[in-house]
Amino acid sequence: MSAPQILNHPVIDDYMAKLRYKECSPEDFRRFVRQIAMLMVPYATSNLPTRSCSVDTPLETASTRVLDEPLILCPILRAGLGLLDGFLTLLPQASVAHIGLARNEETLTPEPYYFNCPSRLSEAEVIVLDPMLATGGSASEAISELKKHGAKKLRFVCIVAAPEGLDTLQSNHPDVPILAANLDRGLNEHGYILPGLGDAGDRIFGTEA
Ligand SMILES: O=P(O)(O)OC[C@H]1O[C@H](OP(=O)(O)OP(=O)(O)O)[C@H](O)[C@@H]1O
Ligand SMILES: O=c1cc[nH]c(=O)[nH]1
Ligand SMILES: [Mg+2]
């Protein structure tokens, strides 16, 4: 089990300050999430496998490397969709799996409502995307479901993590590396991250909690 990687990157943090602000419009919120996603891609992919290849430059043949495929991105609906476009912009060869989970706001447990996955899941490097890791129930459930369908090489990327979510996800899936832009203080009595950024799905899609 590797320690979670918390970026605390100066440029990402500058976007985080804008994202957290309660008056940030859905339009701006979506844009900042997308920009943060793009800034996180190099960290989320730094140890992806590559294979050697040769390319003819105008001058000679260069030995270089390209990403090994398949690569699958898996946003957890809905809020994970906010990260998808930024990842796909830099990784256009990736396929996309969708997992629909809605957290029951009383029990705080995730309720599955959709699963759709490309083939070759068992060979693929799978990057699970969700801006929020709160109790860790949704991320754990999504990863369990992907493993049930054959996924073997998974990593989880979020924007804001709570200590409780990190503990739960690491104990349920010690083989899955976790990357977060920021680690926040904890959860309130409703399972929301403090200070957090509120309900990410509602803020991305302009729906009210
Ligand atoms: O770590 P947890 O305690 O499980 O909470 C985190 C989950 O809650 C949010 O989704 P939500 O259920 O609100 O669905 P939404 O994306 O449709 O808003 C968030 O996007 C995560 O999936
Ligand atoms: O703080 C939180 C916790 C769960 N889901 C969110 O969108 N935000
Ligand atoms: Mg939500």
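Look above for the structure.
If you're wondering where the values come from, they're calculated on a predicted model, not measured in any experiment.

> I would appreciate a short explanation of the nonpolar core in the present structure.
As a rule of thumb, nonpolar side chains are buried together in soluble globular proteins. If you look at the biggest cluster of nonpolar residues, it comprises 36 residues, and the most contacted ones within it are M16, L19, F87 and I159. At the level of secondary structure, the elements contributing two or more residues to this core comprise α1 (10-20), α2 (26-44), β4 (71-77), α3 (81-90), β8 (125-129), β10 (153-161), β11 (178-183) and α6 (200-205). With eight residues, α2 is the single largest residue contributor to this core. With residues up to four places along the chain from it excluded, the contact list for I159 reads M16, L19, V33, I36, L83, D130, P131, A180, A181 and N182. One finds I76, I143, C158 and I178 within the second-largest nonpolar core, a separate group that totals 25 residues.

> I'm lost on the pattern of salt bridges in this one. Help?
Opposite charge on two side chains allows them to pair when their charged atoms are near. Applying the stated rule across the entire model yields 11 salt bridges. Note that R78 is salt-bridged to D202, the shortest N-O span being 3.2 Å. With R78 in the loop between β4 and α3 and D202 in helix α6, this pair connects stretches of sequence that are 124 residues apart. Linking D175 and K147 is a salt bridge whose minimum nitrogen-to-oxygen distance equals 2.9 Å. Placement of the pair is D175 in the loop between α5 (163-172) and β11 and K147 in helix α4 (residues 137-148), with a sequence separation of 28 residues.

> Honestly, the site of ligand 1 in this entry has me stumped. Any pointers?
Near ligand 1 lie 16 residues; those nearest to it are R78, R103, D130, T135 and S138. The separation between an oxygen atom of ligand 1 and a polar side-chain atom of T135 is 2.6 Å. Bound to the protein, ligand 1 loses 92% of the 500 Å² it would expose on its own. Those elements that place two or more of their residues in the shell around ligand 1 are β6 (98-103), β9 (132-133) and α4. Tallying contributions element by element places β6 first for the shell around ligand 1, with three residues. For the shell around ligand 1, the per-class residue count stands at seven nonpolar, five polar and four charged.

> Teacher, can you tell me more about the packing of aromatic side chains here?
Each aromatic ring pair is characterised by the separation of its centres together with the angle its planes make. Scanning the model with the defined rule gives one aromatic pair in all. Each ring, one from Y15 and one from F32, has its centre 6.1 Å from the other, and the planes form 50°; the classification is tilted. With Y15 in helix α1 and F32 in helix α2, this pair connects stretches of sequence that are 17 residues apart. For K18, the ring lying beneath its charged end belongs to Y15, and the centroid distance is 5.5 Å.

> Help me understand the environment of Y113, please; the structure alone is not making it clear to me.
You can see Y113 is positioned in strand β7 (residues 110-116). When the C-alpha positions of Y113 and A124 are compared, they lie 23 Å apart, and in sequence the two are 11 residues distant. Setting aside residues no more than four positions away along its own chain, Y113 makes contact with L77, R78, G100, L101 and A102.

> Any chance you could explain the packing of α4 against α5 here in plain terms?
Any two packed helices are characterised by how steeply their axes cross, that is the angle between the axes, and by the distance between the axes. Close contact between α4 and α5 brings their axes to 8 Å; oriented N to C, the two are set at 20°. Judged by the angle between their axes, α4 and α5 are roughly parallel. In terms of crossing hand, the pair formed by α4 and α5 is right-handed. The residues of α5 that touch α4, namely those facing A139, S140 and I143, are T168, L169 and N172. A breakdown of the residues in the contact of α4 with α5 according to their chemical character gives three nonpolar, three polar and no charged.

How each quantity is defined
Residues numbered from 1 in each chain as written. Chains lettered and ligands numbered in written order. Predicted model: local features only at pLDDT ≥ 70, side-chain atom pairs only at ≥ 80, totals over all residues. Heavy atoms only, no water. Core = buried A, V, L, I, M, F, W, Y, C linked by side-chain atoms within 4.5 Å. Buried < 20%, exposed > 50% of the residue type's maximum accessible area, 1.4 Å probe, protein only. Helix = DSSP H or I, 4+ residues; strand = E, 2+ residues; numbered from the N terminus. Contact = heavy atoms within 4.5 Å. Salt bridge = Lys/Arg side-chain N within 4 Å of Asp/Glu carboxyl O. Near = heavy atom within 4 Å. Polar contact = N/O pair within 3.5 Å; in protein donor to acceptor, adjacent residues only side chain to side chain. Areas by Shrake-Rupley, 256 points an atom, 1.4 Å probe, with all protein chains shown as cover. Nonpolar A, V, L, I, M, F, W, Y, C, P; charged D, E, K, R; others polar. Phe/Tyr/Trp six-rings, centres within 6.5 Å; stacked < 30°, edge-to-face > 60°. Lys NZ or Arg CZ within 6 Å of the ring centre and 35° of its normal. Axes fitted to C-alpha atoms, helices over the stretch in contact; angles between N-to-C directions. Parallel < 35°, antiparallel > 145°, perpendicular 65-115°, else oblique. Left-handed = near helix turned anticlockwise from the far one by under 90°.

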